[in-house]
Amino acid sequence: MSLDNENTVDIHDSVSQMVKVDLEQQELLKNYPPEYGNPSKKSKYEEALSIHKGQNGKITISRWKLNDKKDSSQLIKHNLTCSVSNEYFKYEDVSTEDKMVFYLNYADPNLFGYYDGDLFTQDEIQTLEHPLLGSVMEYIDKNETDVLRSRTEEKGEPTPYVVENVPYWICVNINSVLPDGKILNLYGRLFSQATKDEIDLGIKPIQDERRNNIIAMAAPTPTSSSTEYKRKELEKLLKTVLAAFGGAKKAAEANGHKSCHIHTGNWGAGAFGNNRELIYFVQMIGASSIGIQELIFHSIDQGDLKKAQEKYNDWKGNCSFEDCLELLMEQHYTWGNPDGN
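Everything numeric here is computed off the predicted structure, so don't read it as measured data. (Residues numbered from 1 in each chain as written. Predicted model: local features only at pLDDT ≥ 70, side-chain atom pairs only at ≥ 80, totals over all residues. Heavy atoms only, no water.)

**Q** What am I meant to see in the side chain of Thr-127 here?
**A** Within the secondary structure, Thr-127 is located in helix H3 (residues 122–129). The exposure class of Thr-127 is buried, given its relative accessible area of 1%. Apart from residues lying up to four places away in sequence, Thr-127 is in contact with Tyr-36, Asn-105, Phe-112, Tyr-115 and Leu-133. (Helix = DSSP H or I, 4+ residues; strand = E, 2+ residues; numbered from the N terminus. Buried < 20%, exposed > 50% of the residue type's maximum accessible area, 1.4 Å probe, protein only. Contact = heavy atoms within 4.5 Å.)

Structure follows, in structure tokens:
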């Protein structure tokens, strides 16, 4: 069912900014440096800091939500390009005068909450590659208000963050080739077991000055022992994607960019155990509805992506939030298995 009354608005207009703060990089380094408990992370940060400590500039953080207008909003199907990369994020795609590029952070409900410890999954890898994301968390925790909190969800409602112009200081390759020809694996809990030589091989500071834009959004976790998604779980999933991608789109517009491109992948399909086909499908729906020009999926399951693409191609759009939720319910998606990391 489409909405066509005079009170209908585009879902893009239902995305609200909760708070926005500009942070001086040097102030973050001086007053809110990342505080690592893991010695390998601390060592690599200090090595990178010695190269980049004179760098200046501002980091902009903003927190977003989907407001009550969603109930009278329409999800309009816009042109969307979906492409695939077989590699993890290398951050080679950068913003230009016309386009703004974002990379997804597969966040925990606690924003960058485990950046300092022994874990090393996508969230923790990205926060080591961009150490000032740890400073952002430290800043928020020490300057907390009702709206500025290091949470990507609040009282069960998604509140994703967009972080702009984050310095990229460290390159991580979790699968470097060892001298004996074997493939190194630094992912997950294996990181804390790695030797110094293995860490030095797979994790290297970057010499040039580069910056990236990050979207931090947390996927839902099961609310019951049932293997099939509940309505509230699907609703939270859809809300999260719309709020996060909507925040990125509005940031791009505020910066004068004509288009918005997002690098993503198996968001929420690791430790949280979300269904991969569903994850791809709902990101396509959300990106199209918000007006994102391109999604680039990294290191994904090609079979599940093909199924999701077929369902997205059949989706006509121009429907209400509730109708879109009904479409997801009709697929009878079931939860996958967490990967143990």
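Once the structure has been displayed, the description carries forward.
**Q** Whenever I open this one, the nonpolar core confuses me. Can you help?
**A** Within soluble globular proteins, side chains that are nonpolar generally end up buried alongside one another. Judged by nonpolar contacts, the single largest core of 101 residues is most densely connected at Ile-61, Phe-102, Phe-120, Ile-203, Phe-245 and Trp-267. Of the residues forming this core, the biggest block, 11 residues, is contributed by helix H6 (residues 231–254). When residues no more than four places from it in sequence are discounted, the contact partners of Phe-245 are Leu-104, Ile-215, Met-217, Ile-262, Gln-283, Gly-286, Ala-287, Ile-290, Ile-292 and Leu-295. (Core = buried A, V, L, I, M, F, W, Y, C linked by side-chain atoms within 4.5 Å.)

**Q** Help me understand the layout of surface pockets, please; the structure alone is not making it clear to me.
**A** Gaps left between atoms show up when a probe the size of a water molecule is rolled over them. By volume, the largest pocket is sized at about 990 Å³. Lining the largest pocket are 39 residues, and of these Tyr-106, Thr-121, Gln-122, Ile-125 and Tyr-187 lie nearest its centre. When contributions to the lining of the largest pocket are tallied by element, the ones reaching two or more residues are strand S6 (99–107), H3 and strand S10 (170–172). When residues of the lining of the largest pocket are assigned to their parent elements, the largest contribution, 6 residues, is made by H3. Class assignment of the residues belonging to the lining of the largest pocket gives a composition of 18 nonpolar, 12 polar and 9 charged. By volume, the second largest pocket is sized at about 210 Å³. Contributing to the lining of the second largest pocket are 14 residues, with Lys-65, Leu-66, Asn-67, Glu-157 and Pro-158 lying nearest its centre. (1 Å grid on protein atoms, 1.4 Å probe; cavity = no way out; pocket = protein on both sides within 12 Å on 5 of 7 lines; lining within 4 Å. Points joined across faces, edges and corners; volume = space filled by probe spheres on them. Nonpolar A, V, L, I, M, F, W, Y, C, P; charged D, E, K, R; others polar.)

**Q** Could you clarify how one ought to interpret unusual backbone geometry in this entry?
**A** Comment: phi is negative for the bulk of residues other than glycine, and the bulk of peptide bonds are trans. Here Lys-155, not a glycine, exhibits a phi torsion of approximately 55°, which is positive. The class for Lys-155 is exposed, based on a relative accessible area of 83%. Within the chain, Ser-299 stands out as a residue other than glycine whose phi angle is a positive 50°. Take Ser-299: its relative accessible area is 22%, and that puts it in the partly exposed class.

**Q** Whenever I open this one, the side chain of Lys-41 confuses me. Can you help?
**A** One can find Lys-41 in helix H2 (residues 39–52). Although Lys-41 is buried, it forms no salt bridge, and the closest oppositely charged side chain is Glu-124 at an N-O distance of 6.1 Å. Excluding residues within four positions of it along the chain, Lys-41 makes contact with Tyr-36, Tyr-114, Tyr-115, Asp-116, Gly-117, Leu-119, Phe-120, Glu-124, Leu-128 and Phe-191. (Lys, Arg positive; Asp, Glu negative; His and termini not counted. Salt bridge = Lys/Arg side-chain N within 4 Å of Asp/Glu carboxyl O.)

**Q** Teacher, can you tell me more about the packing of aromatic side chains here?
**A** Counted according to the given criterion, the structure contains 12 aromatic pairs. Here Tyr-91 and Tyr-168 contribute two aromatic rings whose centre-to-centre distance is 4.8 Å and whose plane-to-plane angle is 55°, an arrangement assigned as tilted. Of the two residues, Tyr-91 is situated in the loop between strand S5 (81–85) and S6 and Tyr-168 in the loop between strand S9 (161–167) and S10; the sequence distance between them amounts to 77 residues. Here Tyr-91 matches Tyr-168 in class, with each residue buried. Each member of the aromatic cluster is reached from another via a ring pair, and the members are Tyr-36, Tyr-45, Tyr-115 and Trp-169. The ring of Tyr-312 carries Lys-77 above its face, with NZ or CZ at 4.4 Å from the centroid. (Phe/Tyr/Trp six-rings, centres within 6.5 Å; stacked < 30°, edge-to-face > 60°. Lys NZ or Arg CZ within 6 Å of the ring centre and 35° of its normal.)

**Q** Please explain the sheet that holds strand S1 (residues 9–10) as it appears in this structure.
**A** Consider a sheet: its strands pair through backbone hydrogen bonds, and that pairing is either parallel or antiparallel. Pairing within the open sheet is mixed, and its 3 strands lie in the order S1-S4-S15. In this open sheet, the two edge strands, each paired with only one partner strand, are S1 and strand S15 (319–320). Of the pairings in the sheet, the one linking S1 to strand S4 (residues 73–75) comprises 2 bridges and is parallel in character. The residue bridging Val-9 from the neighbouring strand is Ser-73, located in S4. (Pairing = 2+ DSSP bridges.)

**Q** Would you take a moment to explain the sheet that holds S6 for this structure?
**A** Judged by pairing direction, the sheet is mixed, and its 8 strands sit side by side in the order S2-S3-S9-S12-S6-S13-S14-S5 without closing on themselves. Single-partner strands in this sheet number two, and they are strand S2 (15–24) and S5. Taken pair by pair, the neighbouring strands of this sheet meet at an average axis angle of 25°, ignoring direction. In this sheet, S9 lies alongside strand S3 (residues 58–66) in antiparallel orientation, the contact comprising 4 bridges. Across the sheet, Ile-61 pairs through a bridge with Val-163, a residue of S9. In the packing of helix H7 (residues 276–290) onto the sheet, contacts are made with S2, S5, S6, strand S12 (211–218), strand S13 (259–264) and strand S14 (294–298), and the angle to S14 comes to roughly 160°. (Axes fitted to C-alpha atoms, helices over the stretch in contact; angles between N-to-C directions.)

**Q** Teacher, can you tell me more about the pattern of salt bridges here?
**A** Using the criterion set out here, one finds 17 salt bridges in the structure. When the shortest N-O distance is used, the salt bridge between Lys-99 and Asp-93 registers 2.8 Å. Put simply, Lys-44, Glu-47, Lys-196 and Asp-200 are held in one network by salt bridges that share partners.

**Q** Is there a simple way to think about the packing of H7 against helix H9 (residues 321–330) in this case?
**A** For any two helices packed against each other, the geometry is given by the interaxial angle and the distance between the axes. Here H7 crosses H9 at 160°, and the two axes come no closer than 12 Å. With respect to their mutual orientation, H7 and H9 come out roughly antiparallel. The crossing of H7 and H9 is right-handed. Of the residues in H9, those touching H7 at Leu-278, Phe-281, Val-282 and Ile-285 are Cys-324, Leu-327 and Leu-328. Looking at the contact of H7 with H9 residue by residue, the class counts come to 7 nonpolar, no polar and no charged. (Parallel < 35°, antiparallel > 145°, perpendicular 65-115°, else oblique. Left-handed = near helix turned anticlockwise from the far one by under 90°.)

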